Amino acid sequence: MIPNITRGAKMTGLVVYLAGPGKSNEHENPHVVAGHEAIMFAAPSGKLSHDDAIELAGKLDTARVVFGTEVAVTNKRAMAAALDNGASRSVALADATSDQNVWHCSLSLNPDEGELSDEKWAAIAADFMKEMDFDDPDSPRAPARWVAIRHGKTKAGGDHIHIAASAVREDGTKVNTFNDYKRAHQACNTLEHRYGLVILTSREMDKGTRGLKPGESEKAKRDGLAEPVRVSLERTVRAAATASKTEAEFVRRLRSSGLLVRPRYDKGSTDAGVVGYSVGAAPTKAQRAAGIKPVWFGGGRLAKDLTLPRLRDEWDQSADARTTAVSEWNASRRGAAVTVRNGRERAHIDPELVARAAQDIEKWNTYLASIPVDDHAQWARAAGRTSGVFAAWSTRVEATPGPLAAASRTLAHAAQVPAHQRAPRVDKRLSGGGAALILMQVQIQSSGASQVLLLRQLMRTMDAIADARRAAGDLARADELVALRSSELETLHADLSTRFPLREQTFSSASTALMEPQERTAVPRFHGEYAAAEELSPDVVDALRISRLVRGESRTAAAARPTSTDTDLDPEIVEALRMSKLIGGTDEQARSAARGDSVHVVYRKLTEEERKVQRTTDIATQGLEEQWREKPSPQETTASSDAVSRDSDRRGHER
């Protein structure tokens, strides 16, 4: 049973609507099933007429009119937004304060539960209003008047009732509606057990996600959007969070995605530290002209695991990282440019490293096998991180939400746990962030065969998470994961496999596959009169280093071998280079790389797009000559080109 609460100022308008035909003539036989004793004493029997509704509203509103009680409520979120937009405190307070003397709640069943009798609905409504402290005979407080009206099924086909209540008690005091949404869900859980209704497992285990309101879906349809704004914002934020290693990088990724980002400071002071954040979609030119302002969503409103404290569990929290994060948050608040222009999020990643993402997910699956089935917090974290990988992939390749976006959202549902049950922070644990980084920044169109491998590994991850949810008793969530994996992802995998067939061979890793050899020629170098770029971060230098090694851009082909300059590379980077050789070379080179032997790097012809990327890379790396030694002389370049030409001629004669 799902409650939905709204508040307003006009009791007559609400009751007339409930007793009327509805927006699309969907209301059938509206009639009273329960209410406060003063209401039931004079309530009309049978179908409510328009006059009956007006008279009923008057009786519900009696206490407020007699005592003149005002129920003014200030929306703190709206007030904070007005202050941030430059309004004075008095104006912001006035605009965010409204009369809310009418309390309205609907109670809806799942369509599969069928219909209840009027008598059972009457008992449920009375117990619900007792749990909400509107009308509790055992309480010393005076009751508030209310009525429950039934008028058919919802658009989805679920049986339901509407409760209209006054927020003013019979003695003129106000009903305490603080935290009523959470209390309503607790009351529904109690009533599900009491009356044998279907129990909502996610609520029982406190693992529910933020539901979409009907208004959000309707607005998306009016605006011609494929999904509500909040859904797309959640996916973008999740992708950025998963791919980031630091909080500052997270802020920069959000801003580079075109989102508006606003920090929330402790106690309202910029000196007190950032304790939260909000994001919003940038308004279009037409919306700005019409004076429409962006709608802000805090991390907690997007998903429980996207709050800033939860995200910080996955990031570097050293003193330097925190200082840099504060600078980025402050720049975001002022609307200034980012403070770091050469971070990891700007590094170019070779398309062939998509295979590295597949290998990372294979290691991730091995790690998941070590998690105990009853460690719910760790499995929720695993679902959240895997959701982030799908989100990163979706933002890169899906113009409109598709199967990757659906997988991200379904896994995000399985990632929700109460804050006190979240997985403890552990340094140097696997996270899947490397795969998300590659998918967000690679030219993914040129790595189709590797995508097949990656999707296969991610489908295995979903199987493991579904098995864990089933073992934990969350059958609904497990079935949801299995259904999506067996339908949309299987279809996508079959489509990719047809478009990018693999010629598989067994090497050291089960995820290694060989693509058909491509025609290769010498890679041209682009030079010019460019100003030296700013000093790049170590992560960017490593990424560029891998890219050049993979493409064979050192002075000679032998420079691709580990030398005194390259032996300081991280073992994972060396493995990434080896994976690229396995994918991009000939059969003999792949077997040699699988044995760990040094491999002669062959050149391949670049597309025009890759030439532009290479030119940009050369511009960005001016000033890094100490890292890369001197550029090849014209004699060396000519000698290398001649060698490749002779090798190409020899292969042509052999064929």
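Note: the structure precedes this text.
Residues numbered from 1 in each chain as written. Predicted model: local features only at pLDDT ≥ 70, side-chain atom pairs only at ≥ 80, totals over all residues. Heavy atoms only, no water.

A. Quick peek at the nonpolar core. Judged by nonpolar contacts, the single largest core of 48 residues is most densely connected at Phe390, Leu454, Leu455, Met462 and Leu489. Looking at this core, the elements with two or more residues in it are helix H11 (229-243), helix H17 (354-368), helix H18 (376-397), helix H19 (403-413), helix H20 (433-441), helix H21 (448-471) and helix H22 (475-499). It is H21 that contributes the most residues to this core, 10 residues altogether. Residues contacting Leu454, with those up to four places away along its chain left out, are Ala357, Ala358, Ile361, Trp393 and Leu439. Ile5, Trp103, Ile163 and Ala187 belong to the second largest nonpolar core, which has 30 residues in total. (Core = buried A, V, L, I, M, F, W, Y, C linked by side-chain atoms within 4.5 Å. Buried < 20%, exposed > 50% of the residue type's maximum accessible area, 1.4 Å probe, protein only. Helix = DSSP H or I, 4+ residues; strand = E, 2+ residues; numbered from the N terminus. Contact = heavy atoms within 4.5 Å.)

B. Here's a closer look at the sheet that holds strand S10 (residues 297-298). Read across the sheet, 3 strands follow the order S8-S9-S10 without closing on themselves; strand pairing throughout is antiparallel. Two strands close off the open sheet at either side, each with one partner strand: strand S8 (259-265) and S10. Sheet topology places strand S9 (residues 274-281) next to S10; 2 bridges connect them, and they run antiparallel. Residue pairing for S10: Val279 is matched across the bridge by Phe297. (Pairing = 2+ DSSP bridges.)

C. The arrangement of the packing of aromatic side chains in detail. Scanning all chains against the criterion turns up 5 aromatic pairs. Ring centres of Trp103 and Phe134 lie 4.6 Å apart, and the angle between their planes is 35 degrees; this geometry places the pair in the tilted category. Taken together, the residues span a long stretch of sequence, with Trp103 in strand S5 (residues 102-108) and Phe134 in the loop between helix H7 (118-131) and strand S6 (144-150) at a distance of 31 residues. Taking the relative accessible area as the measure of exposure, Phe134 reaches 2% and is therefore buried. Counting every residue linked through ring pairs, the aromatic cluster contains Phe250, Tyr277, Trp315 and Trp329. Geometry around Trp296 places Arg262 over its ring, the cationic atom sitting 4.1 Å from the centre. (Phe/Tyr/Trp six-rings, centres within 6.5 Å; stacked < 30°, edge-to-face > 60°. Lys NZ or Arg CZ within 6 Å of the ring centre and 35° of its normal.)

D. Examining the pairing of strand S7 (residues 160-169) more closely. Most of S7 is tucked away: 10 of the 10 residues are buried. Inspection of the sheet shows S5 paired to S7 by 7 bridges, in the antiparallel sense. Pairing of His104 across the sheet is with Ala164, part of S7. The sheet contact formed by S6 and S7 spans 5 bridges and is antiparallel. Bridge assignment links Val147 to a residue of S7, and that residue is Ala164.

E. Region of the structure containing the pattern of salt bridges. Inspection of every chain in the model, using the stated rule, returns 32 salt bridges. The residue Arg7 makes a salt bridge to Asp180 at a minimum N-O spacing of 2.5 Å. Residue Arg7 is located in strand S1 (residues 2-8), and its partner Asp180 is located in helix H8 (residues 180-194); the two are separated by 173 residues in the primary sequence. For Asp180, a relative accessible area of 5% puts it in the buried group. (Salt bridge = Lys/Arg side-chain N within 4 Å of Asp/Glu carboxyl O.)

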